[in-house]
Amino acid sequence: MYITFTVEVPNGALSILRTDEDSFSREMRLAAAMKWYELGMVSQGKAAELAGVSRAEFLACMGRFHVSPFQVTPDQLDSEFTSG
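As the structure is a prediction and not an experimental result, all values here were calculated from the model.

Details of the pattern of salt bridges
A side chain of one charge can pair with a side chain of the opposite charge when the charged atoms of the two come close.
No. 1: All told, the structure shown has three salt bridges when counted by the stated rule.
No. 2: With a closest N to O distance of 3.6 Å, Lys46 and Glu49 form a salt bridge. In this pair, Lys46 and Glu49 both sit in helix 3 (residues 44–51), three residues apart, roughly one turn of the helix.
No. 3: On the accessibility criterion, Lys46 (47% relative accessible area) is partly exposed.

Below is the structure:
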């Protein structure tokens, strides 16, 4: 089940991005889910669900958005190497 809501964008948004309404909607969902994943607000699985794609598709799109598939901070990574 899905909820529907309206998002207002400028008149020229679709032509600027060279897309149609359906593609714009899908891309916006993916971009939002990608950002929420990048911020550590959701897991990969939940982000993919929010984006309406499979986890594999979500992972495949990460490069395009310059998002790392790893949710590890530099401090956590440093801690892993110094505590071992």
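Details of the packing of helix 2 (residues 21–38) against helix 3
Geometry of a packed helix pair, given as the angle between the helix axes and the separation of the axes.
No. 1: Interhelical geometry of helix 2 versus helix 3 gives an angle of 160 degrees and a closest axis separation of 8 Å. What the angle tells us is that helix 2 and helix 3 run roughly antiparallel. Here helix 2 runs over helix 3; the crossing is right-handed. The segment helix 2 lies against helix 3, with Arg29, Leu30, Ala33, Trp36 and Tyr37 engaging Gln44, Ala47, Glu49, Leu50 and Ala51.
No. 2: For the contact of helix 2 with helix 3, a count of residues per class yields seven nonpolar, one polar and two charged.

About the criteria used
- Residues numbered from 1 in each chain as written.
- Predicted model: local features only at pLDDT ≥ 70, side-chain atom pairs only at ≥ 80, totals over all residues.
- Heavy atoms only, no water.
- Salt bridge = Lys/Arg side-chain N within 4 Å of Asp/Glu carboxyl O.
- Helix = DSSP H or I, 4+ residues; strand = E, 2+ residues; numbered from the N terminus.
- Buried < 20%, exposed > 50% of the residue type's maximum accessible area, 1.4 Å probe, protein only.
- Axes fitted to C-alpha atoms, helices over the stretch in contact; angles between N-to-C directions.
- Parallel < 35°, antiparallel > 145°, perpendicular 65-115°, else oblique.
- Left-handed = near helix turned anticlockwise from the far one by under 90°.
- Contact = heavy atoms within 4.5 Å.
- Nonpolar A, V, L, I, M, F, W, Y, C, P; charged D, E, K, R; others polar.

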